[in-house]
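Residue-level structure breakdown
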Amino acid sequence: MNLNVEPRQRVPDLEGEHMKNYYVSIIRRGEMSYIRSELEEFGLIPMEGRLIRLLKDHCFSQEELGESLDIDKGRIAKTVYMLEQKGIVSRNTNSNNRRQKLVSLTEEGERIYDAILDIYEAWDDICYRGFTEEERNMNHEFIKRISHNVVEYKKKIGGRKNG
């Protein structure tokens, strides 16, 4: 038996129903690596970048942010705290509910937002090289539908692990 196998030079073109998540995994790992390296310039991590994008022209409670980003209360509190320390977000009392704090971007957060948007748009350009605008839009709609299905599933199981 010969175990000397040449390493592959590219991502294999694997077929079959059992391989569909393989490609999603490659895309996700590539995205995280790219975004992480680009956000380092601003002293940010990907989670902070996602939160800043969500806050553009909006303010949310920490609970709403956690739900939107699918993050537990502890992690969202830590992320908001870190961004607050960096001067990127502020927490202000909700005038309609004095017990609730609303999170919004500061002027510094607004300034950084444009650079973060450019980073994510550059990643999209990398991913969609060779796609028509129609194909990009169709894929975006498919991803939205898949995300909706995932959120509905998680609501149905009530946060239980492994279904």
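Presented here is a report on the structure given in the accompanying data block.

Conventions used here
Residues numbered from 1 in each chain as written. Predicted model: local features only at pLDDT ≥ 70, side-chain atom pairs only at ≥ 80, totals over all residues. Heavy atoms only, no water. Helix = DSSP H or I, 4+ residues; strand = E, 2+ residues; numbered from the N terminus. Buried < 20%, exposed > 50% of the residue type's maximum accessible area, 1.4 Å probe, protein only. Contact = heavy atoms within 4.5 Å. Pairing = 2+ DSSP bridges. Arc of directions from axis to C-beta.

Looking at where Gly109 falls in the secondary structure, it is placed in helix α5 (residues 107-127). For Gly109, a relative accessible area of 0% puts it in the buried group. Counting along the chain gives 57 residues from Gly109 to Ile52, while the straight-line C-alpha distance between them is 7.1 Å. Once residues lying within four places of it in the same chain are set aside, the contact partners of Gly109 are Ile52, Gly87 and Ile88.

Let us look at the sheet that holds strand β3 (residues 97-105). Strands sit in the order β1-β3-β2 across an open sheet of three strands; the sheet is antiparallel. Edge positions in the sheet fall to β1 (60-61) and β2 (89-94), since each has one partner strand and no second. By the bridge criterion, six bridges tie β2 to β3 in an arrangement that is antiparallel. Bridging from a neighbouring strand, Ser90 pairs with Ser104 of β3.

Inspection of the sheet shows β1 paired to β3 by two bridges, in the antiparallel sense. When the sheet's bridge partners are listed, Phe60 is paired in β3 with Val103. The antiparallel pairing of β2 with β3 creates a hairpin that spans two residues between the two strands.

It helps to recall that an α-helix has 3.6 residues per turn; residues three or four apart then point in one direction. Among all positions in helix α3 (residues 62-69), only Gln62, Leu65, Gly66 and Leu69 are buried. Projected down its long axis, α3 shows its buried positions confined to an angular sector of 100°, all on one face. If you follow the buried residues of α3, they end up packed against α2 (46-55), β1, α4 (73-85), β2 and β3. The first or second residue beyond α3 is Asp70, which carries a positive phi of 55°.

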